[in-house]
Protein chains: 2
Amino acid sequence: MKIIEIKDNQFLQSFLNRNNYEEIEEIDEKVDKILAKVEKEGDQALLFFTEQFDHVSLQNIKVTEKEIEQALQEVEEDFLKVLQEAKENIWQFHQKQMQNSWFFNKEESITLGQKISPIERVGIYVPGGKAAYPSTVLMDAIPAKVAGVSSISMVTPPGKDGKIHPNILAAAKISGVDEIYKVGGAQAIAALTFGTESIKPVSKIVGPGNIFVARAKRKVFGYVDIDMIAGPSEICIIADEKAKQEFVAADLLSQAEHDELACSILITPSLEFAKSVKRQVEEQLKQLKRKEIAQKSIENYGAIIIVDSIEQAFTLSNEIAPEHLEILLENPFAYLSKVKNAGAIFLGSYSPEPLGDYFAGPNHTLPTSRTAKFSSPLGVDDFIKKSSIIYYKKNDLEKVKDKIIFFTEKEGLEGHGNSIKVRF
Amino acid sequence: MKIIEIKDNQFLQSFLNRNNYEEIEEIDEKVDKILAKVEKEGDQALLFFTEQFDHVSLQNIKVTEKEIEQALQEVEEDFLKVLQEAKENIWQFHQKQMQNSWFFNKEESITLGQKISPIERVGIYVPGGKAAYPSTVLMDAIPAKVAGVSSISMVTPPGKDGKIHPNILAAAKISGVDEIYKVGGAQAIAALTFGTESIKPVSKIVGPGNIFVARAKRKVFGYVDIDMIAGPSEICIIADEKAKQEFVAADLLSQAEHDELACSILITPSLEFAKSVKRQVEEQLKQLKRKEIAQKSIENYGAIIIVDSIEQAFTLSNEIAPEHLEILLENPFAYLSKVKNAGAIFLGSYSPEPLGDYFAGPNHTLPTSRTAKFSSPLGVDDFIKKSSIIYYKKNDLEKVKDKIIFFTEKEGLEGHGNSIKVRF
């Protein structure tokens, strides 16, 4: 793990630009073809691509109630309990995000306001294979459910046996998913966007996926809404010499094990502390099952950055805009005001990032690749929309009519002015 | 203006699919080249494209304080007053949208919360020429200002004289825009995204523009955030025979005059009323300055749809998800619960759509082309982002540690488990 000075600007740039896929045009062409075929041929195209990419020939795309019941019996009872408890924590946190419709009155009888309505139909993409995480199902579905979405459709690629992992089905059941379909990749995104014989179209698609899924989501954006396109995971830890080196090292590695492109950064004013964390990382790395992935990630995108002051640490962290920010300083709440850009903020020595991944309640779907500069954790706001409300009575309009007409004249829109004039 | 039955599904489809630009690939290629050149060559490329597209050779891209002062002197004093009053109404409404940071406590010492921060730097695109509306400057800039954005950069193409219309500069000044640049088109979007010598990069770009601007925004989405891509304007009016035919006709025409692709729909249960509105539209159309545009719009995308019941009117309107919905029924508030998808809702006979365009306070940048199914009026939420906050103390973590470790094992992420284990 490199220890570098904050002045090493070039190194920092390489972090920040780590997700350029060079072969993107080639992928886009394939994605375009998949989208077009599904739009045209519907279910038939879905079955075709599932055979091609997932190597399984399906009879039915929709998961039956029986399959779900069977899955619930296959899942360890203890795990069902943990899923249920995680669900309750996630539900409680997201309920606090719920915005109310509101209005206010002014002048004689003016009423202005904002009505909140849930999006009616939402789709959730869940990756297959090893990246099929039941926690992601909870994190994507529960905010939609809290928002009041009336129909949640989940899509996920089947295994070669034509099945979906029982843990995934259990998580879907527990979090209130309404329909589950065995289809993945760009073809699943196409199905949710355009609809097929079996799959009704939705208005918004959320959830992580591989590069094909990500590019497909980008392409359908506008026809439907999408969440942010997730890049590789990131952690940034701000700590001084009072923090425990073992904790810091373990937390850096918990991100590094995700993905060779994952990025783990410690920012500290203490060179001494930096050196001991570096040793700890090397030590702990040896014992890790996912050692190869974590090692590559740490080598290429891991760094300990030495700063002159804690102030400077936050300036740098705001520039990085990390997905996860851990503040391992004494009285960590005192530094909240310095955080401008971060997906989730973990305060103090006993709030490690995995606590947030699974259990605490806040969402683990977070902005990556510096997008925390402009975007937010997935939440209830992603599943509602607002409508403005305007009510004037005759007297109210009469008072301002000349001003509005004057304004319409300035913009050359006479018809707009007429709509006021005709009323008096 | 056509009067049709609700059963005429084909006709409805043609409305809904009215913004397919066939030449989009050709445009995309041009946009790609413009984006790449600006990213590489900076200001020089901006000056090059401004000469090519706006036919003016500029010395400076940035509008000077002196130019702004001069503009303020050129604008009619009465218009400044109207702008100022509109600003106050818009400011008041948007302040009510402001979300607070919040937290709650549970168990022994757990603190969970959500911190709201403004996006730091935002860009606003303002079209040039006839579509340069000062009202749009107010509607785009004020929510950003209310949110606490620290720097708002406005871009707009100069006229052939190298100037920007004084009304636009005045609106920018009044609404608190920090920097103004004379550059339009895809090149302006590129400059805001990548930055140039004169223009600092921003994190979010909002505002309407032509097809080049729209496609460029789509392409940079992800590097920066964007607002929704606006399509042609729409109005949907639900009225029965108690409404005034003159009002309804004028309101339909106020949308139709915007654009040949604008869409004006009346939904009513009364064939008698439909006929009299149709006559009124024809009557009023004759006298309109923008008659040619409005006539084409009404012919191609105008319709009066006869429904069996008011209930059915709302079902249809929710399917259309109109940008503007006027409810011209008695006791209009009673129907609010039936509205699921609409950008802005205008209630009663004295709340015509142009009232919202200029003056009432709610934003006039609204979702079009059925996107009200999943998106909202531009507002303060578009200029803030959230960070989750998680704080546990040792005791709190200890209580749940085994459950989290169990969960990490189920997902095969041992390093995540270690980050918990190492603490005990």
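Residues numbered from 1 in each chain as written. Chains lettered and ligands numbered in written order. Predicted model: local features only at pLDDT ≥ 70, side-chain atom pairs only at ≥ 80, totals over all residues. Heavy atoms only, no water.

J.: Would you mind showing me how to read the overall build of chain A here?
T.: Regarding its fold elements, chain A presents 16 helices and 14 strands. Burial statistics for chain A: of 424 residues in total, 62% are counted as buried. A sequence separation of at least 24 residues applies to 76% of the contacts in chain A between residues at least 6 apart. On chain A, roughly 16700 Å² of surface is accessible, and the fraction owed to carbon and sulfur atoms is 46%. Distance from the positive charge centre (51 side chains) to the negative charge centre (62 side chains) of chain A: 4 Å. (Helix = DSSP H or I, 4+ residues; strand = E, 2+ residues; numbered from the N terminus. Buried < 20%, exposed > 50% of the residue type's maximum accessible area, 1.4 Å probe, protein only. Contact = heavy atoms within 4.5 Å. Areas by Shrake-Rupley, 256 points an atom, 1.4 Å probe, with all protein chains shown as cover. Lys, Arg positive; Asp, Glu negative; His and termini not counted. Charge placed at Lys NZ, Arg CZ, Asp CG, Glu CD.)

J.: Would you mind going over the nonpolar core with me for this structure?
T.: Soluble globular proteins: nonpolar side chains tend toward being buried together. Counting residues in each nonpolar core, the largest one holds 89 residues, and the members touching the most others are Leu138, Ile180, Val248, Leu252 and Leu266 of chain A together with Tyr392 of chain B. When near neighbours in sequence (up to four residues on either side) are disregarded, Ile180 of chain A contacts Ile61, Lys62, Val63, Ile68, Met154, Ile164, Leu169 and Ala172 of chain A. Of all hydrophobic cores here, the second largest spans 88 residues; its members include Ile404 and Phe406 of chain A together with Val248 and Leu378 of chain B. (Core = buried A, V, L, I, M, F, W, Y, C linked by side-chain atoms within 4.5 Å.)

J.: How should I be thinking about the UniProt feature "binding site: NAD(+)" (unreviewed entry) in chain A in this particular structure?
T.: Residue and element names in this part refer to chain A. On the UniProt side, "binding site: NAD(+)" (unreviewed entry) is annotated at positions that read Tyr125, Gln187 and Asn210 here. Spanning 86 residues, the named residues nonetheless gather at one spot, since no C-alpha pair among them exceeds 12.5 Å. Note that Tyr125 resides in strand S4 (residues 121-125). There is a polar contact of 2.7 Å between the side chain of Tyr125 and the backbone nitrogen of Gly185. On the secondary structure map, Asn210 appears in the loop between strand S7 (204-206) and helix H9 (211-220). A distance of 3.0 Å separates a polar side-chain atom of Asn210 from the backbone nitrogen of Val213. (UniProt positions renumbered as here; feature names shortened; annotations may be inferred. Polar contact = N/O pair within 3.5 Å; in protein donor to acceptor, adjacent residues only side chain to side chain.)

J.: Where do I start with the side chain of Ser135 of chain A in this structure?
T.: In this fold, Ser135 of chain A is placed in helix H6 (residues 134-147). Within the local environment of Ser135 of chain A, its side chain forms a polar contact with the side chain of Glu411 of chain B, the two groups lying 2.8 Å apart. If we ignore the near neighbours within four places in the chain, the residues touching Ser135 of chain A are Asp357, Tyr358 and His364 of chain A together with Phe407 and Glu411 of chain B.

J.: Sorry, what's going on with the packing of helix H11 (residues 271-286) of chain A against helix H12 (residues 291-301) of chain A here?
T.: To characterise two packed helices, one gives the angle between the axes of the helices and the distance between these axes. Residues and elements named next belong to chain A. It is at 9 Å that the axes of H11 and H12 come closest, and there the two elements cross at 155°. Viewed along their axes, H11 and H12 adopt a mutual orientation that is roughly antiparallel. In this structure, H11 meets H12 at a crossing whose hand is left-handed. Along the contact surface, H11 presents Val281, Leu285 and Lys286, while H12 presents Lys291, Ala294, Gln295 and Ile298. (Axes fitted to C-alpha atoms, helices over the stretch in contact; angles between N-to-C directions. Parallel < 35°, antiparallel > 145°, perpendicular 65-115°, else oblique. Left-handed = near helix turned anticlockwise from the far one by under 90°.)

J.: How should I be thinking about the interface of chain A and chain B in this particular structure?
T.: How big an interface is tends to be stated in terms of accessible area lost as the parts join. With 119 residues of chain A at the contact, the number on the chain B side is 119 residues. Between chain A and chain B, roughly 10600 Å² of surface is buried when both sides are summed, and carbon and sulfur atoms account for 61% of that area. Here chain A and chain B share 10 salt bridges between them. Across the pair Arg423 of chain B and Asp251 of chain A runs a salt bridge, and its minimum N-O distance is 2.8 Å. (Buried area = accessible area lost by both parts, 1.4 Å probe. Salt bridge = Lys/Arg side-chain N within 4 Å of Asp/Glu carboxyl O.)

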